[in-house]
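So the chains spell out like this:
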Amino acid sequence: RSSDLMNSRLQLERQLQMQNQMRERQMAMQVAWSREFLKYFGTFFGLASLGLTAGAIKNKRPGMFMPIIPLSFILAYQYDMGYGTFIHRMKGEAENILEKESSLLELPGGVPTFEIIEKARRAQSKFYVEK
(Lines give C-alpha, C1' and ligand atoms only; values in the text may rest on other atoms or scores of the structure.)
Protein backbone atom coordinates (compact mmCIF):
# COMPACT_ATOMS: atom_id res chain seq x y z
CA ARG A 1 0.00 0.00 0.00
CA SER A 2 2.73 2.44 0.95
CA SER A 3 4.62 1.75 -2.29
CA ASP A 4 1.42 2.36 -4.32
CA LEU A 5 0.99 5.72 -2.61
CA MET A 6 4.63 6.62 -3.26
CA ASN A 7 4.33 5.60 -6.93
CA SER A 8 1.17 7.69 -7.31
CA ARG A 9 2.85 10.65 -5.66
CA LEU A 10 5.94 10.30 -7.86
CA GLN A 11 3.76 10.08 -10.98
CA LEU A 12 1.80 13.18 -9.94
CA GLU A 13 5.02 15.12 -9.23
CA ARG A 14 6.36 14.17 -12.66
CA GLN A 15 3.12 15.24 -14.35
CA LEU A 16 3.16 18.58 -12.53
CA GLN A 17 6.80 19.13 -13.44
CA MET A 18 6.13 18.30 -17.08
CA GLN A 19 3.11 20.62 -17.24
CA ASN A 20 5.08 23.46 -15.68
CA GLN A 21 8.00 23.00 -18.07
CA MET A 22 5.62 22.97 -21.03
CA ARG A 23 3.95 26.17 -19.75
CA GLU A 24 7.35 27.85 -19.36
CA ARG A 25 8.38 26.85 -22.87
CA GLN A 26 5.13 28.17 -24.34
CA MET A 27 5.57 31.48 -22.53
CA ALA A 28 9.18 31.70 -23.72
CA MET A 29 7.95 31.17 -27.29
CA GLN A 30 5.37 33.95 -26.88
CA VAL A 31 8.01 36.39 -25.62
CA ALA A 32 10.39 35.35 -28.40
CA TRP A 33 7.60 35.87 -30.97
CA SER A 34 6.94 39.35 -29.58
CA ARG A 35 10.63 40.23 -29.80
CA GLU A 36 10.89 38.97 -33.36
CA PHE A 37 7.71 40.79 -34.40
CA LEU A 38 9.07 43.96 -32.78
CA LYS A 39 12.10 43.86 -35.09
CA TYR A 40 9.93 43.83 -38.20
CA PHE A 41 7.32 46.24 -36.89
CA GLY A 42 10.03 48.59 -35.59
CA THR A 43 11.57 48.71 -39.05
CA PHE A 44 8.18 49.33 -40.64
CA PHE A 45 7.40 52.03 -38.05
CA GLY A 46 10.73 53.77 -38.67
CA LEU A 47 10.31 53.79 -42.44
CA ALA A 48 6.65 54.82 -42.22
CA SER A 49 7.53 57.64 -39.81
CA LEU A 50 10.23 58.93 -42.12
CA GLY A 51 7.97 58.73 -45.17
CA LEU A 52 4.96 60.31 -43.46
CA THR A 53 7.06 63.08 -41.93
CA ALA A 54 8.73 63.84 -45.24
CA GLY A 55 5.36 63.80 -47.01
CA ALA A 56 3.80 66.09 -44.38
CA ILE A 57 6.67 68.59 -44.67
CA LYS A 58 6.89 68.43 -48.48
CA ASN A 59 3.14 68.80 -49.04
CA LYS A 60 2.63 71.12 -46.07
CA ARG A 61 -0.12 68.83 -44.79
CA PRO A 62 0.39 68.00 -41.09
CA GLY A 63 -2.51 65.55 -41.27
CA MET A 64 -0.24 63.10 -43.07
CA PHE A 65 1.65 62.78 -39.80
CA MET A 66 -1.43 61.41 -37.96
CA PRO A 67 -0.96 57.65 -38.68
CA ILE A 68 2.23 57.75 -36.62
CA ILE A 69 0.19 58.18 -33.42
CA PRO A 70 -1.69 54.83 -33.48
CA LEU A 71 1.37 53.09 -34.90
CA SER A 72 3.41 54.34 -31.94
CA PHE A 73 0.91 52.74 -29.53
CA ILE A 74 1.33 49.40 -31.33
CA LEU A 75 5.11 49.77 -31.20
CA ALA A 76 5.03 50.58 -27.47
CA TYR A 77 2.75 47.60 -26.80
CA GLN A 78 5.01 45.21 -28.70
CA TYR A 79 8.10 46.57 -26.93
CA ASP A 80 6.38 46.13 -23.57
CA MET A 81 5.48 42.53 -24.42
CA GLY A 82 9.00 41.67 -25.57
CA TYR A 83 11.22 43.65 -23.21
CA GLY A 84 9.07 45.49 -20.69
CA THR A 85 7.06 44.56 -17.63
CA PHE A 86 3.94 43.39 -19.49
CA ILE A 87 4.21 39.77 -18.33
CA HIS A 88 4.83 40.82 -14.72
CA ARG A 89 1.78 43.10 -14.75
CA MET A 90 -0.32 40.39 -16.39
CA LYS A 91 0.83 37.85 -13.77
CA GLY A 92 -0.03 40.29 -10.98
CA GLU A 93 -3.49 40.87 -12.43
CA ALA A 94 -4.04 37.12 -12.80
CA GLU A 95 -3.06 36.61 -9.14
CA ASN A 96 -5.50 39.37 -8.16
CA ILE A 97 -8.29 37.64 -10.10
CA LEU A 98 -7.50 34.30 -8.45
CA GLU A 99 -7.56 35.86 -4.98
CA LYS A 100 -10.38 38.40 -5.22
CA GLU A 101 -12.50 37.57 -8.27
CA SER A 102 -12.42 33.78 -8.44
CA SER A 103 -16.12 33.67 -9.32
CA LEU A 104 -15.10 34.86 -12.81
CA LEU A 105 -13.30 31.56 -13.28
CA GLU A 106 -16.22 29.26 -12.55
CA LEU A 107 -17.33 27.09 -15.43
CA PRO A 108 -20.92 27.36 -16.60
CA GLY A 109 -22.69 24.33 -15.19
CA GLY A 110 -19.89 23.73 -12.68
CA VAL A 111 -16.99 21.31 -12.85
CA PRO A 112 -17.79 18.28 -15.01
CA THR A 113 -18.28 15.13 -12.95
CA PHE A 114 -17.36 11.59 -13.86
CA GLU A 115 -21.03 10.79 -14.30
CA ILE A 116 -21.61 13.65 -16.76
CA ILE A 117 -18.52 12.75 -18.78
CA GLU A 118 -19.43 9.06 -18.82
CA LYS A 119 -23.00 9.84 -19.91
CA ALA A 120 -21.71 11.97 -22.82
CA ARG A 121 -19.16 9.29 -23.76
CA ARG A 122 -21.85 6.61 -23.82
CA ALA A 123 -24.12 8.80 -25.95
CA GLN A 124 -21.36 9.24 -28.56
CA SER A 125 -19.88 5.76 -28.45
CA LYS A 126 -20.88 3.35 -31.22
CA PHE A 127 -19.40 0.44 -29.33
CA TYR A 128 -20.84 0.97 -25.86
CA VAL A 129 -22.29 -2.16 -24.32
CA GLU A 130 -24.07 -1.97 -20.94
CA LYS A 131 -22.91 -4.69 -18.52
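What comes next concerns the included structure.

Parameters at a glance
Residues numbered from 1 in each chain as written. Predicted model: local features only at pLDDT ≥ 70, side-chain atom pairs only at ≥ 80, totals over all residues. Heavy atoms only, no water. Salt bridge = Lys/Arg side-chain N within 4 Å of Asp/Glu carboxyl O. Helix = DSSP H or I, 4+ residues; strand = E, 2+ residues; numbered from the N terminus. Buried < 20%, exposed > 50% of the residue type's maximum accessible area, 1.4 Å probe, protein only. Expected span 1.5 Å × (residues − 1). Contact = heavy atoms within 4.5 Å.

Here's the deal with the pattern of salt bridges
Two side chains bearing opposite charge may form a pair once their charged atoms approach each other closely.
Piece 1. If you walk through the whole model with that rule in mind, you get five salt bridges.
Piece 2. Salt-bridge contacts for Glu36 lead to Lys39; the nearest nitrogen and oxygen are separated by 3.4 Å. Of this pair, Glu36 and Lys39 both sit in helix 1 (residues 2–59), three residues apart, which is roughly one turn of the helix.
Piece 3. Of the residues examined, Glu36 reaches a relative accessible area of 37% and is grouped as partly exposed.
Piece 4. A network of salt bridges, in which partner residues are shared, links Glu118, Arg121 and Arg122.

Observations regarding helix 2 (residues 68–83)
Piece 1. With 16 residues, helix 2 should cover 22 Å at 1.5 Å per step; its first-to-last C-alpha distance of 21 Å lies within 8% of that length.
Piece 2. Those residues of helix 2 that fall on the buried side of the exposure criterion are Ile68, Leu71, Gln78, Asp80, Met81 and Gly82.
Piece 3. In this fold, the buried residues of helix 2 make contact with helix 1 and helix 3 (86–100).

Notes on the environment of Ser72
Piece 1. Relative to the elements of secondary structure, Ser72 occurs in helix 2.
Piece 2. With 27 residues separating them along the chain, Ser72 and Phe45 place their C-alpha atoms 7.7 Å apart.

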